[in-house]
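# Structural characterization, general
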Amino acid sequence: MNPNQSPHPTQQFTPCGRNRREFIWQAGGGFVGTALTYLLAQDGFFNQARANTPGKVSSLDPQPSHFAPKAKSCIFLFMYGGPSHMDLFDPKPELTKRDGQPMPNLENDPRFDAARTKGKPLLGSQWEFKKHGQSGIEVSALFPKVAECVDDMAIIRSCHADSFAHGSGLLQMNTGMLRQGFPSLGSWVTYGLGTVNQNLPAYVVMLDHRGGPIGGAPNWGAGFMPAGFQGTQFRTSGDPIIDLSPRNGITRHQQRQQLDLLGQLDGMHAAEHPLDSEFGARLDSYELAFRMQQHAPEAVDLARETPQTLEAYGLNQETTEKFGRRCLMARRLVERGVRFVQVYSGGGHLDENWDAHLGMKKNHELHCGETDQPIAALLNDLKQRGLLDETLVVWGGEFGRTPTSEGANKGRDHNPRGFTMWMAGGGINGGQTYGATDDFGYAAVEKPVHVHDLHATILHLMGMDHEALTYFHAGRDWRLTDVHGHVLMDLIS
Amino acid sequence: MWPVPRLVSLFAFVALATFAVADEPYGRHQFDDSSRSHWSFKKLQRPAVPAASASWGRNPIDAFVAQGLASAGLTPAAPADRVTLLRRVYLDLIGLPPTPDEVAAFVSDTSETAFERVVDDLLSRPQYGQRWARHWLDVVRYAETNGYERDGAKPEAWKYRDWVINSLNGDLPYDEFVIQQLAGDEIEGSNADSQIATTMLRLGAWDDEPADPLVDRYDQLDDIVGTTSAALLGMTLRCARCHDHKFEPLTAKDYARWTAIFAPLARPQQGRTELTRDIGPHAEVAAHQAMTKQLDEQKATLVARLQATSWQVVSAAATDGRLPIAQLAALGDQAAPATGVAVSDEIVQIAKEIPGGALTAATIEPDKRNDEQKKLIAEHNDKLLALTKVVAPGEKRTALDDVQKQLAAVQAAYPAPLPQGYIWYEKGPTTEVNHVFDRGDPRTPAGEVLPGVPAILVDELPAAPQPTGHSTGRRLQLARWLMSADHPLTARVMVNRLWQHHFGDGLVASENDFGVMGEPPSNQPLLDWLASELVAGGWRMKRMHRMMVLSETYRMSSAGNQQAMRRDPTGALLWRFRPRRLEAEALRDTILAVAGQLNLKAGGPSVFPKISRAVLETQSVPGNGWTPSEPAEAQRRSVYIFVKRTLIVPELDVLDFPATEESCAQRIVSTVAPQALTLLNGEFMHEQAAAMASRLAREVGRDDSARIERAYTLAFGRLPSENERTALLEFLDRQRGQIAADSPEEETVKTIDFKALSALCLVILNTNEFAYLQ
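Fair warning: this is a prediction, and the values are worked out from it, not measured in the lab. (Residues numbered from 1 in each chain as written. Chains lettered and ligands numbered in written order. Predicted model: local features only at pLDDT ≥ 70, side-chain atom pairs only at ≥ 80, totals over all residues.)

### Brief notes about the overall build of chain B
When its secondary structure is counted, chain B shows 33 helices and 10 strands. Its C-alpha atoms give chain B principal-axis dimensions of roughly 105 × 85 × 60 Å. The buried share among the 774 residues of chain B stands at 52%. Within chain B, counting contacts between residues at least 6 apart in sequence, those at least 24 apart form 71% of the total. (Helix = DSSP H or I, 4+ residues; strand = E, 2+ residues; numbered from the N terminus. Buried ≥ 20, exposed ≤ 12 C-beta atoms within 10 Å, placed from the backbone. Contact = placed C-beta atoms within 7 Å.)

Now the structure itself:
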């Protein structure tokens, strides 16, 4: 088509700039039937939505996956601020040995942000690591209860990302892109799979009691997708969803009457426009909202949980009560078919989250103390209920921390070059570690896993091919993983 | 193995050919026939108007539409009734509903020109610009913050919003409209207004703490490239950042050339802080800056003299004991009573108010002071000077007085500050060499390019831009090229946008994509005729609006028709007027208008409607950057609401307010339950429903039937049908009964009545008829 472009064998498989119809046509027999059905269904829906044609198709209707999923739901435990891998899951004896010594050589390596480490001494972990479970994986004393779950966890020690800053780091972990304006992981999952329970939002976000993460709503936004795919914020007190309940003392009976009147008036109006079912779809959304008023509070009503469960999640202790509540709500939501739940630990700034510049000890003892028991309880609870097999649990932050010390109280700075995340349940082969950082925990050196690879793996576990899950926008098809991403097959059982 | 550094992003499958030399001649001859013959790349030619049908149609638009319908075997719908038509044209042109009086006047005016007069009236109202500016703001990704971690404010960005509104209201021709936005600082007669227009180029999201500064620089340019090419050309040039466009005849070099046009732009910033620029005619700004510089220099000289003299006095007094600095310093720090200090009360009184550090610093020779000391001296200059004068010998005191007088004179001579604009600037007539990059990665240049436009759109290499005294002239040259009369895309793209907002979809339904992958035009002769009319009419847009809304096509009913629906389900051939949901802003403004709460104040800095605590809690510092405005201010039209990239007002966000990161041609229309929750239970809705109820009670008293009639006239411009009236009356009774039954305490009849009426208003504001333009 143009003079500078040479034919290339991979061209056939790139979704770039192609409309969906053409893509399907060209993919031909290379694709399995379900994927084709899926793509066609999407195609149909978005053409309709775009052109405002009649149709009651809800964007959140369940969609067939590309292949059989391992996980039906995902709970992403987001440790905002950047937990320190070498103090939690990535033991570094060499670092401990050289505690207080200068950073060796690495500063001349262009891959490092030397400004963050220059002239600063190495800081060994202040916590002891011990082997746990049958797998004998080492976990630090900061996470005693999580440590007991290692046999269910695949611990990825070689994660890396591209930004040293919280803002773009959060965006990348959530949307795959450093730039603002792209759909988040939960939006992609919801777009790809829809939801089996329309009485609840398909994609729920629960923020920390201290505030949202830096950058706010774009972290769970739908980017260029319709707003229906964005995360719905669930709160742990009051109305779980904003504007869920009738206001000003209006009772459910009164609102029922109001909706009946709305139905009557819209019905008379629709009689004049019998062919425009868009009007009917809008009226339906009010009935759905009305049902949601009933189902959402039920979903988060912890009064129905046993005292043993509440205690297990730490709801009877001040330290663990808040995060424990979010974890327990997350379990109740996935039980009810919610597709994607993101739970934040940490909000606001510095010690309000895992951003331990001012001292590892104070910061991580606080945040590990708040989360250790609830996370372990969540994994055990899911397992006991037979839900862990179909629920993928992901743990991690936007980056890790430097091996060097910062400030008077032994803090650590940001480090996206190497950090740890783990996954459990939902098809994960537990009791393994994957990849490695260098001797100091500075950079991923063995089997490096980029954020795109994590995303590709999460989509894969949920039954989606990250290269086939595309959304046409502004002249081309987009993917969560851009042009990157490899599924980490070694993690999968 | 080390992780491979990631690319800027985008699909980098095809290796880019290596370019060894500076830009070579180029043009459409490079491409094959199929690319060259794509309809929108061919020069605009004016088609002949088809013969008008005797039975249907008023103007040439109708003749084109009738031809399209006839060839598909379709017939146009009957005209809409007068009330529907009036509500339609009000909401469409000014984004507000007609008042009951306006409806009554129109319905009773049976003259042939009644509708024409309404249209002319609406187009002359300031609300027209407020409504239509928002459409353009979507296209240029308007927002007033940068997004990302700090989401810092873009100071003075609202001036651009007002510039767009004023330009539309003043019917600024589209060519001028574009030229000023691209090159308002480069044109002859450049002034504050035209420079504000260039704010368009700086509206993008910006990470003030980028992961990679070089990539960030090109991301900023990519934002401009993406916006300008989509908005003005209707081309997806952005897709060619990393490699040649897969399906459009757009090459990576085309992308690099277009980027080179904007590459000389520099961002006024101080670290993470955004700076504004002085704006005004260049000569005036230059004179102002020269004068300021001169005064700054005079001031610096005088300040130095003052400091030197002061230091001589202070150090002498410190030496001879008249100013016991250590004791006085302690005094200033502790604010303790003066005991044991052998100096006058006057000195003690002054010294008390000066921190010790500042006093000590005053004894150090000015040149030898460190930054901290300089800062202390500057902060406490007045008191230090007063102290100095107390101990200064006569001639020194006179000298100090003299310098102070001169300083005051210099200070008074400063001209008033110039108005500020949130704009880029160029550093001069020349700039550095530009490159195409391998896979779009700015770390791997792959050959030089000159500024230019996509080759497929030109016959030959365009002439080199003519630099202005202060800039490269590249943007001005681009603007002029865009505005050539036979340009294949400019007029088509814009007239299509006008059509889109009158009729729901563009004649090209992919309004930002006129390329090979875009939707084909549903009626190309009509599009081309309209485009050439736009040019022939001096690019005046009000003339085009008028032509479109006065057509018979616009006046059709929106009623469905089974047979036509089957043949043309999207209604692209225009056999009826397609109903469509009001955009978030128009819906909010209409609600405010009907409730009698709308504040029509125009222009100025943006307003901050109240946002619930629950929503603010999503911020890392809840409430940061969002100080709620006074209620009256908050009830201004939605176009005046502050657009904060990480915190969009929920009532707008939930109703598909566009993403602000890139040009939005057509808003998504989604229908989801959270919209219903917001519209049923949200605080804004309840305030407005109550205000509307008060209005009804005030205007028509206690009779239910009269209230219902008034509510309908306000909301829909019509009276309720008998069935509707019955349903509403029954509802009021039922609801009153329910409220009384549900109330824990005895409520007065009046309270119950008001609650029921508010509920009725809430329902009316939620109906489809209210939310749709039809």
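### Observations concerning the packing of helix H3 (residues 82-93) of chain B against helix H4 (residues 100-108) of chain B
Residues and elements named next belong to chain B. Closest axis-to-axis distance for the H3/H4 pair is 10 Å, and the angle between their directions is 130 degrees. The angle between H3 and H4 places the two elements in the oblique class. Along this stretch, H3 crosses H4, giving a crossing that reads as right-handed. For the pair H3 and H4, the contacting residues are Arg82, Val83 and Leu86 in the first and Val103, Phe106 and Val107 in the second. Its residues assigned to classes, the contact of H3 with H4 shows five nonpolar, no polar and one charged. (Axes fitted to C-alpha atoms, helices over the stretch in contact; angles between N-to-C directions. Parallel < 35°, antiparallel > 145°, perpendicular 65-115°, else oblique. Left-handed = near helix turned anticlockwise from the far one by under 90°. Nonpolar A, V, L, I, M, F, W, Y, C, P; charged D, E, K, R; others polar.)

### Brief notes about the confidence of the model for chain B
Residue and element names in this part refer to chain B. Per-chain confidence: chain B averages 92 in pLDDT, with 96% of residues scoring 70 or above. Confidence over residues 1-21 falls short of pLDDT 50; this stretch has 57 contacts with residues more than four positions distant or in other chains. Predicted complex metrics record ipTM = 0.89 and pTM = 0.87. (pLDDT = per-residue confidence, 0-100.)

### Points about the interface of chain B and chain A
Contacts between the two partners involve 97 residues from chain B, matched on the other side by 95 residues from chain A. Mapped onto the side of chain B that touches chain A, the elements with two or more residues apiece are helix H23 (562-567), helix H25 (613-616), helix H28 (673-681), helix H29 (683-700), helix H31 (722-742), helix H32 (749-766) and helix H33 (768-771) of chain B. If you tally residues by element for the side of chain B that touches chain A, the top one is H31 of chain B, at nine residues. Looking at the side of chain B that touches chain A residue by residue, the classes come out as 43 nonpolar, 30 polar and 24 charged.

### Some points on the pairing of strand E2 (residues 129-132) of chain A
All names here are of chain A. Sheet topology note: the E2/strand E3 (residues 137-140) ladder contains four bridges and is antiparallel. Residue Lys131 lies in a different strand from E3, and its bridge partner there is Glu138. The hairpin formed by E2 and E3 contains four residues between the paired strands, and Gly133 there has a positive phi angle of roughly 65 degrees. (Pairing = 2+ DSSP bridges.)

### A closer look at the packing of helix H7 (residues 252-272) of chain A against helix H8 (residues 277-299) of chain A
Each pair of packed helices can be described by the angle between their axes along with the distance between the axes. Residue and element names in this part refer to chain A. The geometry of H7 relative to H8 is characterised by a closest axis approach of 10 Å and an angle of 170 degrees between their N-to-C directions. Taken as axis vectors, H7 and H8 run roughly antiparallel relative to one another. Taking contact as the criterion, the partners of Leu259, Leu262, Gly263, Asp266, His269 and Ala270 in H7 are, on H8, Phe279, Gly280, Leu283, Tyr286 and Phe290. Taken together, the residues of the contact of H7 with H8 break down into seven nonpolar, three polar and one charged.

### Considerations on the environment of His466 of chain A
All names here are of chain A. On the secondary structure map, His466 appears in the loop between helix H12 (451-461) and strand E16 (471-473). Judged by local crowding, His466 falls into the buried class, with 26 C-beta atoms found within 10 Å. Remark: the alpha-carbon pair of His466 and Gln342, spanning 124 residues in sequence, is separated by 20 Å. Those residues in contact with His466, other than ones at most four positions away along the chain, are His455, Ala456, Leu459, His460, Arg479, Leu480, Thr481 and Gly485.

### Description of the pairing of strand E4 (residues 153-160) of chain A
All names here are of chain A. Counting buried positions along E4 gives eight out of eight residues, so the element sits mostly inside the fold. Relative to strand E11 (residues 419-424), E4 runs antiparallel, the two being bridged by five bridges. Counted as the bridge partner of Ile156 is Met421 from E11. Direction of pairing for E4 relative to strand E12 (residues 432-434): parallel, over a ladder of three bridges. From the neighbouring strand, Ile155 faces E12, where its bridge partner is Thr433. Examined bridge by bridge, E4 and strand E15 (residues 449-450) share two bridges and lie parallel to one another. Residue pairing in the sheet places His160 in a bridge with His450 of E15.

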